[in-house]
Amino acid sequence: MAAKKAEERIKQLRCLGLGGEVIVPTLLKELHAVAPSYSNNFLWSDKHCNLTNLYFEDPINVDIAPLYLSEFYKKRETEVAHTFSEFMQRYRGVAGLEYWLKVDKKRLLQP
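First things first, this report covers the structure right here in the doc.

Rules used in this analysis
Residues numbered from 1 in each chain as written. Predicted model: local features only at pLDDT ≥ 70, side-chain atom pairs only at ≥ 80, totals over all residues. Heavy atoms only, no water. Phe/Tyr/Trp six-rings, centres within 6.5 Å; stacked < 30°, edge-to-face > 60°. Helix = DSSP H or I, 4+ residues; strand = E, 2+ residues; numbered from the N terminus. Buried < 20%, exposed > 50% of the residue type's maximum accessible area, 1.4 Å probe, protein only. Patch = residues over 30% accessible without salt bridge, like charges linked within 9 Å, V, L, I, M, F, W, Y side chains within 5 Å. Areas by Shrake-Rupley, 256 points an atom, 1.4 Å probe, with all protein chains shown as cover. Salt bridge = Lys/Arg side-chain N within 4 Å of Asp/Glu carboxyl O.

Some thoughts on the packing of aromatic side chains
Taken as a whole, this structure holds one aromatic pair when the rule is applied. Judged by centre distance (4.8 Å) and plane angle (65°), the rings of phenylalanine 42 and tryptophan 44 are edge-to-face.

Points about the environment of alanine 81
You can see alanine 81 is positioned in the loop between helix 3 (59–80) and helix 4 (84–91). What makes alanine 81 buried here is its relative accessible area of 5%. For alanine 81 and leucine 101, which are 20 residues apart along the polypeptide, the C-alpha to C-alpha distance reads 4.1 Å.

Here's the deal with a nonpolar patch on the surface
Judged by side-chain polarity, Leu16, Leu18 and Val22 come together as a nonpolar surface patch covering roughly 290 Å² of accessible area. Counting through the fold element by element, valine 22 comes out in helix 2 (residues 20–34). A residue is classified by how much of its surface remains accessible, and valine 22, at 52% relative accessible area, is exposed.

As structure tokens, this is what we get:
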């Protein structure tokens, strides 16, 4: 029953004609009833698959997002993983973490 109500609210959101930045927080909240999850995130990209914005539902991640974009995404991430753009162009975001990484997961997690 909760999932059906959430689906209806999501349909209403779509009909408002508002931009993604406005509806994404509410949309992600409603998705919990449709697909149970701990924390939902949304990533925006331009036509070249470059990451342009992100929204993390978890408030801790909201504070980390600017730091992630400036220090990790644009600098350090490419040492261990394909860029967001490369990953999206190659896999359209449907492949798992092992496809994103340039290094073995075990090596990445070692101190």
